[in-house]
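Summary of the model geometry
As a plain string of letters, each chain reads:
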Amino acid sequence: NAGVTQTPKFRILKIGQSMTLQCAQDMNHNYMYWYRQDPGMGLKLIYYSVGAGITDKGEVPNGYNVSRSTTEDFPLRLELAAPSQTSVYFCASSSSWTSGKANEQFFGPGTRLTVL
Amino acid sequence: EDQVTQSPEALRLQEGESSSLNCSYTVSGLRGLFWYRQDPGKGPEFLFTLYSAGEEKEKERLKATLTKKESFLHITAPKPEDSATYLCAVHYLAYSGAGSYQLTFGKGTKLSVIP
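Predicted model, so just to flag it, every value in this text is computed and none were measured.

On to the state of the cysteines, then. Residues and elements named next belong to chain A. Tallied over the full model, the rule gives two disulfides over all chains. Residue cysteine 23 pairs covalently with cysteine 91 via a disulfide, S to S 1.8 Å. When the S-S torsion is -70 degrees, as for the bridge of cysteine 23 with cysteine 91, the disulfide is left-handed. Here cysteine 91 lies in strand β9 (residues 87-94) and cysteine 23 lies in strand β3 (residues 19-25), a separation of 68 residues in the sequence. A relative accessible area of 2% places cysteine 23 in the buried class.

Structure follows, in structure tokens:
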């Protein structure tokens, strides 16, 4: 199993450009998440999904969009990139939470994005 | 005010010198506390989940414990390969909707183990 994969590994964008960060998992997990990690800060949740066709905002959703058409894929779209979106982006997945308790999340290797 | 605070920010240990990392939290309604290890340039790797005060879990040289206000990650006789940033995250009952699916992460403790 590959686990959680992310592409690209690195990307440089110009202000105002758009791009899609790809994320795929092969563990048949229903739950998927997008985080950003800035230097000296904790991981912040951008968006999450509890199943195909179901997405919701996390703590820092502004400037991003997501879709979830299959169980395996959860792309993150950046529209009109801004320097504040320079960060490392991690995708994660987990099995469905039961009894209101979170299960461990499995993270991808990350995408390092720079907006100039 | 941070809801999850990890200390120290950085820790240097000699190989074999045992120590503990701290994760304190101010949230109420804790549903789970998670420890992750993150190597430079990589994604976090799951270590432990603790669900209730008094719970302990062990894995090789690592032992995680949980009280009502904090968690400790004890490292016994560390080796250089234990060098990494250790992240703590909590899941708690904040409010219905989006917040209930959110983990709140601390900023991490960077551990360096010197041979």
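Within the largest apolar cluster, 24 residues are counted, with the highest numbers of intra-cluster contacts made by Leu33, Trp35, Leu73 and Tyr86 of chain B. Breaking this core down by element, the ones donating at least two residues are β2 (10-14), β3 (19-25), β4 (30-38), β5 (45-50), β7 (62-66), β8 (70-75), β9 (84-92) and β11 (109-114) of chain B. Broken down by element, the residue count for this core peaks at five residues, all from β9 of chain B. Setting aside its immediate chain neighbours within four residues, leucine 73 of chain B contacts Ser19, Ser20, Leu21, Trp35, Phe48, Leu62, Lys63, Ala64 and Tyr86 of chain B. Within the second largest apolar cluster, 19 residues are counted, among which are Met19, Leu21, Tyr89 and Val115 of chain A.

Let us now look at the sheet that holds strand β8 (residues 76-78) of chain A. All names here are of chain A. An order of β1-β3-β8-β7 is seen for the four strands of this open sheet, with the pairing classed as antiparallel. One side of each edge strand has no neighbouring strand; the edge strands of this open sheet are β1 (4-7) and β7 (64-66). If you compare each strand with its neighbour and ignore which way they point, the axes differ by 20 degrees on average. As judged from the four bridges shared by β1 and β3, these two strands associate in the antiparallel manner. Across the sheet, threonine 5 pairs through a bridge with alanine 24, a residue of β3.

What follows concerns the pairing of strand β4 (residues 31-37) of chain A. Residues and elements named next belong to chain A. With seven of seven residues buried, β4 is to be regarded as a mostly interior element. Burial along β4 is two-sided: Tyr31, Tyr33, Tyr35 and Gln37 and Met32, Trp34 and Arg36, pointing in opposite directions, are all buried. Relative to β9, β4 runs antiparallel, the two being bridged by seven bridges. Note on β9: the bridge partner recorded for tyrosine 35 is phenylalanine 90.

Next up on the list: the interface of chain B and chain A. In this complex, chain B contributes 22 residues to the contact, which on the side of chain A involves 27 residues. Where chain B abuts chain A, roughly 1,900 Å² becomes buried across the two surfaces, and 59% of that area is made up of carbon and sulfur atoms. Inspection of the chain B/chain A interface yields zero salt bridges. Where chain B touches chain A, the interface holds three residue pairs in polar contact (both at pLDDT 80 or more). Mapped onto the side of chain B that touches chain A, the elements with two or more residues apiece are β4, β5, β9 and β10 (103-105) of chain B. At four residues, the largest contribution of residues to the side of chain B that touches chain A is made by β4 of chain B.

Rules used in this analysis
- Residues numbered from 1 in each chain as written.
- Chains lettered and ligands numbered in written order.
- Predicted model: local features only at pLDDT ≥ 70, side-chain atom pairs only at ≥ 80, totals over all residues.
- Heavy atoms only, no water.
- Disulfide = S-S within 2.5 Å.
- Helix = DSSP H or I, 4+ residues; strand = E, 2+ residues; numbered from the N terminus.
- Buried < 20%, exposed > 50% of the residue type's maximum accessible area, 1.4 Å probe, protein only.
- Core = buried A, V, L, I, M, F, W, Y, C linked by side-chain atoms within 4.5 Å.
- Contact = heavy atoms within 4.5 Å.
- Pairing = 2+ DSSP bridges.
- Axes fitted to C-alpha atoms, helices over the stretch in contact; angles between N-to-C directions.
- Buried area = accessible area lost by both parts, 1.4 Å probe.
- Salt bridge = Lys/Arg side-chain N within 4 Å of Asp/Glu carboxyl O.
- Polar contact = N/O pair within 3.5 Å; in protein donor to acceptor, adjacent residues only side chain to side chain.

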